[in-house]
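As a plain string of letters, each chain reads:
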Number of protein chains: 2
Amino acid sequence: MQWLLTPGGCLYNSCPLFVELFRNTMKDSQKSLVLLRQIIRSTDMQEKEISRLIGLTLPQLILMQALREIGQMTPGELSKEVVLTQATVTSILDRLEKKKLILRERGSEDKRKVWISLTDEGIELMKGAPATRQELFVRHFEDMQPWEQSMIVASLERVAYMLNAQHLDAAPVLDIGQLDRASEDASE
Amino acid sequence: MQWLLTPGGCLYNSCPLFVELFRNTMKDSQKSLVLLRQIIRSTDMQEKEISRLIGLTLPQLILMQALREIGQMTPGELSKEVVLTQATVTSILDRLEKKKLILRERGSEDKRKVWISLTDEGIELMKGAPATRQELFVRHFEDMQPWEQSMIVASLERVAYMLNAQHLDAAPVLDIGQLDRASEDASE
DNA sequence: TGATTTAATTAGAATATCTAAGCATATAAC
DNA sequence: GTTATATGCTTAGATATTCTAATTAAATCA
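The rules behind these values
- Residues numbered from 1 in each chain as written.
- Chains lettered and ligands numbered in written order.
- Predicted model: local features only at pLDDT ≥ 70, side-chain atom pairs only at ≥ 80, totals over all residues.
- Heavy atoms only, no water.
- Buried < 20%, exposed > 50% of the residue type's maximum accessible area, 1.4 Å probe, protein only.
- Helix = DSSP H or I, 4+ residues; strand = E, 2+ residues; numbered from the N terminus.
- Pairing = 2+ DSSP bridges.
- Domains from an automatic or database assignment.
- Expected span 1.5 Å × (residues − 1).
- Arc of directions from axis to C-beta.
- Contact = heavy atoms within 4.5 Å.
- Salt bridge = Lys/Arg side-chain N within 4 Å of Asp/Glu carboxyl O.
- Phe/Tyr/Trp six-rings, centres within 6.5 Å; stacked < 30°, edge-to-face > 60°.
- Near = heavy atom within 4 Å.
- Polar contact = N/O pair within 3.5 Å; in protein donor to acceptor, adjacent residues only side chain to side chain.
- Nonpolar A, V, L, I, M, F, W, Y, C, P; charged D, E, K, R; others polar.

Undergrad: Let's hear about the pairing of strand S2 (residues 114-118) of chain B: which residues, and what values?
TA: Residue and element names in this part refer to chain B. Of all five residues that make up S2, four are buried, and the element is covered over most of its length. Across five bridges, strand S1 (residues 102-106) lies against S2 in antiparallel orientation. Residue pairing in the sheet places Glu-105 in a bridge with Trp-115 of S2.

Undergrad: Which residues make up the domain arrangement of chain A, and what are the values?
TA: Structurally, chain A comprises domain 1 (1-54), domain 2 (56-125) and domain 3 (128-172). With centres defined by C-alpha atoms, the gap from domain 2 of chain A to domain 3 of chain A works out at 26 Å.

Undergrad: Account for helix H6 (residues 86-98) of chain B, naming residues and giving values.
TA: Residue and element names in this part refer to chain B. Between its first and last C-alpha, H6 extends 18 Å over 13 residues, near the 18 Å set by a 1.5 Å rise per residue. Regarding H6, the residues found buried are Val-89, Ile-92, Leu-93 and Leu-96. Buried residues along H6 cover an arc of 105° about the axis, so they all sit on one side. Summarising the geometry of H6, the exposed residues directed more than 90 degrees from the buried face are Ala-87 and Lys-98. Against helix H4 (58-70), helix H5 (75-82), S1 and S2 lie the buried residues of H6.

Undergrad: Would you mind going over the pattern of salt bridges in detail, with residue names and values included?
TA: Pairing is possible between side chains that carry opposite charge, provided their charged atoms lie close to one another. Evaluation of the coordinates by the stated rule reveals 21 salt bridges over all chains. The closest approach of N and O atoms between Asp-94 of chain A and Arg-104 of chain A, which form a salt bridge, is 3.1 Å. Of this pair, Asp-94 of chain A sits in helix H6 (residues 86-98) while Arg-104 of chain A is found in strand S1 (residues 102-106), placing the two residues ten residues apart along the sequence. Assessed through its relative accessible area of 26%, Arg-104 of chain A is described here as partly exposed. With its nearest N and O atoms 2.7 Å apart, the salt bridge here joins Arg-158 of chain A to Glu-148 of chain B. Of this pair, Arg-158 of chain A sits in helix H9 (residues 146-170) while Glu-148 of chain B sits in helix H9 (residues 146-165), placing the two residues on different chains.

Undergrad: Break down the packing of aromatic side chains for me, with residues and values.
TA: Residues and elements named next belong to chain A. Applying the stated rule across the entire model yields two aromatic pairs over all chains. The interplanar angle of 25° and the centroid separation of 6.0 Å between the aromatic rings of Phe-137 and Phe-141 together place this pair among those described as stacked. Separated by four residues within a single helix, Phe-137 and Phe-141 lie in helix H8 (residues 129-142), roughly one turn from each other. Assessed through its relative accessible area of 1%, Phe-137 is described here as buried.

Undergrad: Describe the protein's contact with DNA strand C, listing the residues and the values that go with them.
TA: In the vicinity of DNA strand C, 24 residues are found, and the nearest of them are Thr-74 of chain A together with Thr-57, Thr-88, Ser-91 and Arg-95 of chain B. Contact between DNA strand C and Gln-86 of chain A: a phosphate oxygen at 2.9 Å from a side-chain N or O atom of the residue. Separating a base oxygen of DNA strand C from a side-chain N or O atom of Arg-112 of chain A is a distance of 2.9 Å. Taken together, the elements giving at least two residues each to the surface near DNA strand C come down to helix H5 (75-82) and H6 of chain A together with H4 and H6 of chain B. For the surface near DNA strand C, the leading source of residues is H6 of chain B, giving five residues. Taken together, the residues of the surface near DNA strand C sort by class into seven nonpolar, nine polar and eight charged.

This is how it looks when you write it as C-alpha cells:
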C-alpha cells in the first residue's frame, strides 16, 4: 500500500486541489490514516507548546500527566504506561525530583517498590495550560449535537480497537523474515 | 477539567468495572479524550516497534516516513512537517546520511537550499514493516460496512478540526483559510 | 538455606534536542 | 553596484533522553 499524499494538516485544509483529491479518489481507509496522522501531529504540537509554557521537557510532561491522571505509581508501572524502559523513567524521575515536582517513597509492604507521587508543587504546576487545552476541546465538543457526539465516540472506539487488534494480529509475525516477505506483497 | 480515569488500552478493554464506568458516568467529551489517548499511545507503541525492527531510532524513522510520503524536501520544510527545530533535523539527517539512507543536494536555483531525498537503499529499507502495519489497518477497516467507514471518516474530520481549532483564540472562525493562518502563527 | 525472580537504580554510550552564533546566498534599498 | 537585511542551513555547546548491561536489594520458592 502506498500513500497517495500525506500532507500536514495545513496543506490539507488550505489546498482546494487536495481537498478534491481527498474527497473523490481516496478510499475511506486511506482518508482515515491521513486524518489520524493529522490528529496525532496536532496533539504532538500542542503538547510541545504546553511543555514549553510550563518549563518542562516533553517526556517530563508526559510522566507528570500520567501521574496526575492515574495517581501514585511505581516506576515499573509508569514505564509501562508511557512505553519507555524503566531506566529511562528513572532518569526522568531524577530530574523531576530535583525540581521537587515528584516524591519517591519506599514501599512499606514490599520494600523493593518505590511509590511515585506528585508533590503539592507538582500538582500546582499541572493545573496550568493543559487543562485549558482540554477544556477548549470539551467546549467545542459539547457544541455539537448529541447524535454527533455519540457518533464520534463510537468511531473512536472502533479505531482504537482496530489499532489494538493490529498488535494481536502482528504478534505471531514478529519474525523479521516473515515481515519482509509480507512487505514485498505490500508494496504496490 | 479533570480526568476521571485514564487507563491504558488494555485496562480499559479488560476491566469490566471500568467499562461500566466509562459507559455510564463519563461525558462523551471525556470518553473522546480517553479514546484519543489510547489511539495515540497505540500508534506510538507501534512506531517504536517498527523502528526497532528496521534498526532506526524513532526520530530517524519519522523523518524517513515524511520523506517517503511527501518526497524530496528541504530541511526547513522537513522541520515544519515533523515539528522539530531545523538544527535538530540537521543532526538527525547527519546520522541518516552516514547510513547512506538519504541524499543531500545543493539547490541549483537557490543555492541556500538543500534538497533531501531517499537513496535507493533508503527506499528499500522503508518498504519494510510500516506498510504492513498500514495494510493491517486497511484490512480491518475494509471489513466494516460502508456506512460505518463513512461515519469514521466524518468523525475523524470533526476531531481533527476541533484539535486544530484549539490553536485559535476562542474566536469562532469558520473560514478555513483563516484557520490555517492562525495555526501557522500559533506554532511560532 | 540457597537459587531464582522481581524492582529499582547505576554506568556508560549514542542520540536527540534546544538556543545562539556563524556562513553563504538571495533580495531589497539606495 | 554596493550595502543592508532576510533566508536557509550548519555548527557549537549544553542538557536531556534513551537504550543495554551490570548492580543492589528484597521477595519468593524449592
